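Notes for the structure review
Given next are the chains, with one letter for each unit.
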Amino acid sequence: MKELKEAIKVLDIDHLGIVAGIIDEMELVEVVNKIVGIKVKETLSPGQVMKAMILNGLGFLSAPLYLFEEFFVGKATEHLIGKGVLPEHLNDDKLGRELDKYYQVGTTKLFTGIAIKAANKFQVKMNSIHLDGSSMYVQGEYKKDGEEKNEVNEKTELNKSELELEMKPIEIVHGYSRDHRPDLKQFIIDMIVTGDGDVPLYLKIDSGNVDDKSVFVERLKEFKKQWTFEGVCVADSALYTAENLEAMKGLKWITRVPLSIKSAQNKILEIEPKEWINSQKSGYKIAQREAEYGNIKQRWLIIESEERKKSSIKQVNKQIEKQKEIAEALLRRLSRQDFACQPDAKIAVEKLSESWKYHQIKEIEYTEKLEHKKAGRPSKLSEANQIKYQIKGQIETRPEVIESEKIKAGRFILATNILDNNELSDEQILEEYKAQQCNERGFRFLKDPLFFTSSVFVKNPERVEAIAMIMGLCLLVYNLAQRKLRQELVTSDGSIRNQVKKLTSNPTMRWVFQMFQSVHLLIINGQQQMSNLTEERQKILNYLGESCSQYYLMI
């Protein structure tokens, strides 16, 4: 009976064979080993460790990196990563050393090298790219250089080359928190994603207090140096400053115009009803204007969203009601105040009235109040010898402001330096800007609590930066897999069932991963075979191709 137990091994594969197959098709291990370098007598190469990290990251088991070795216990590590690779080889010391190597060669350089190879292998189109940034918060103090020295850094300080000494780690500090967690320190991820399948092509990790407006142009310029790109750059309003537009000469761009710019405020209000053209995109209207800002001639599109207009008008009405209650309370408080003279009372009324957006004080009356100068109770014969002033008034709305806000409701302005409608139509501009959601989807993926990066568990900024790069690579692998499956389903007119058991040609990879739970590798007397590899699962693997199918012994 004992011999029988030793002769049979049951190891978990689940969806990790798909992840490993996509990584192989990207040639990620080879690219990383070439950039980072391989040391003699290493059991695991830098590329293999990175492959293991991505498998961990896409395991969706809330397994943080300090539990790295435990994640692989019971899994087919040799089958997934390489011959002779055991869970104990994937310990936190090995992980830390490899993270340090990734940081030393440059996280952006490493990510871009991998992404370029992957984009070529998967024939990813780059007609348009989308740039955005997001904050990632961390637990812990993360003191700045000089406040605290890491013991490991002290030991290796003398061996650092001049190039390494020039490398400046990110600062994990308080900054503007997009996650509404101003109490926690953070770092920033800037990412460029292609409109073809939401595939990330460029990633840069920044300090937590970096302003998007100051770095977005540099990110686009860095991207253009590393990629052969002649398409359109799409970004949000952080890109739209006079300095940035000047610096972007030579690039084609689409961005949103901040309504804080005076000319934008005017143009958004001056559209005549006959100028609107209904968009092919349901619920949108478009009006075109010529514009010049930052000495750059542009085409502006004023867009009105029907759904957004209704929602915005509701918000305006709510704000009017809320402000009225506050205004009435403040006016009651002001009416109880005494003023030494009427001009002082007038100044106080005007200051309060001007502080409100939707309301104002009208029908103002100034009343005199007689008082005795001396303190204490006055006698019956004493006369009042001091005059104080009090005010009365009525709260009224500002109709012109409310009307203006309701006209603006649901409107926004898109700008481009592509002036020729034949090169880029109004419809295409709106479509490209709406595709900016591909970045938002990517950041939501990275911040998912099921993803191991919902918190960062390392003690120095260098390793945080390296882990953030691994996060981006997890997104790259995930979106390449999803893109490939969807394309194959459309090409072959195929479909698979979704969560509600309806057929779809547009499945999410998360659902596919869930479908592969409880798939095991059996090793019986040295012979391998798969268990629970149903016909449905085999069908999906056929769509994903040989790289994935081989891990399930279909090839």
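Residues numbered from 1 in each chain as written. Predicted model: local features only at pLDDT ≥ 70, side-chain atom pairs only at ≥ 80, totals over all residues. Heavy atoms only, no water.

For the rest of this paragraph, the subject is the overall build of the protein. The helix and strand inventory of the protein stands at 22 helices and 16 strands. In the protein, which comprises 555 residues, the share counted as buried stands at 49%. Within the protein, residue pairs in contact and separated by at least 24 positions form 69% of the contacts whose partners lie at least 6 positions apart. Per element, the accessible surface of the protein, about 29,400 Å² overall, is 47% carbon and sulfur. (Helix = DSSP H or I, 4+ residues; strand = E, 2+ residues; numbered from the N terminus. Buried < 20%, exposed > 50% of the residue type's maximum accessible area, 1.4 Å probe, protein only. Contact = heavy atoms within 4.5 Å. Areas by Shrake-Rupley, 256 points an atom, 1.4 Å probe, with all protein chains shown as cover.)

Given 3.6 residues per turn, any residue in an α-helix points the same way as the ones three and four places further on. Listed in full, the buried residues belonging to helix H3 (residues 28-36) are Leu28, Val29, Val31, Val32, Asn33 and Val36. Next to the buried residues of H3 lie helix H2 (16-26), helix H4 (46-57), helix H7 (92-105) and helix H8 (107-121).

To continue, consider the side chain of His15. Looking at the secondary structure, you find His15 in the loop between strand E1 (8-12) and H2. Contacts of His15, omitting those with residues within four sequence positions, involve Leu58, Gly59, Phe60, Phe513, Phe516, Gln517 and Tyr552.

For the rest of this paragraph, the subject is the pattern of salt bridges. Under the counting rule described, the total for this entry stands at 25 salt bridges. For Asp24, the salt bridge identified is with Lys51, shortest N-O distance 3.0 Å. Pair noted here: Asp24 is in helix H2 and Lys51 is in helix H4, with a separation of 27 residues, a long-range link. What makes Asp24 partly exposed here is its relative accessible area of 26%. (Salt bridge = Lys/Arg side-chain N within 4 Å of Asp/Glu carboxyl O.)

Attention now moves to the sheet that holds strand E16 (residues 527-531). Across the sheet, which stays open at both edges, the three strands sit in the order E1-E15-E16 with antiparallel pairing between neighbours. The sheet is open, and its two borders are formed by E1 and E16, each paired with just one other strand. Taking each pair of neighbouring strands and ignoring which way they run, the sheet shows an average axis angle of 25°. Both E1 and strand E15 (residues 520-524) contribute to a ladder of five bridges, which runs antiparallel. Residue pairing in the sheet places Asp12 in a bridge with His520 of E15. (Pairing = 2+ DSSP bridges. Axes fitted to C-alpha atoms, helices over the stretch in contact; angles between N-to-C directions.)

Where helix H19 (residues 461-491) contacts helix H21 (residues 535-544), the two axes come as close as 8 Å, and the packing angle between them is 100°. Comparing their axes, H21 and H19 come out roughly perpendicular. When H19 is examined against H21, the residues Ala481, Lys484, Leu485, Glu488 and Leu489 are found in contact with a partner set consisting of Ile540, Tyr543 and Leu544. (Parallel < 35°, antiparallel > 145°, perpendicular 65-115°, else oblique.)

In this model, the protein carries an average pLDDT of 84, and 83% of its residues clear a pLDDT of 70 or more. Across the protein, element-level confidence peaks in H2 with a mean pLDDT of 97 and bottoms out in helix H10 (residues 162-166) with 35. Confidence drops under pLDDT 50 across residues 145-167; counting only partners more than four residues distant or on other chains, this segment forms eleven contacts. (pLDDT = per-residue confidence, 0-100.)

All right, on to the pairing of strand E5 (residues 232-235) then. Side chains of E5 alternate between two faces, with Val232 and Val234 and Cys233 and Ala235 buried alike. As paired strands, E5 and strand E6 (residues 252-256) are joined by four bridges and run parallel to one another. Looking across to E6, one finds that Val234 is bridged to Ile254. Chirality of the crossover, the property in question, places the unit of E5, helix H12 (residues 242-247) and E6 among those that are right-handed. (Right-handed = clockwise from strand over helix to strand, strands pointing away.)

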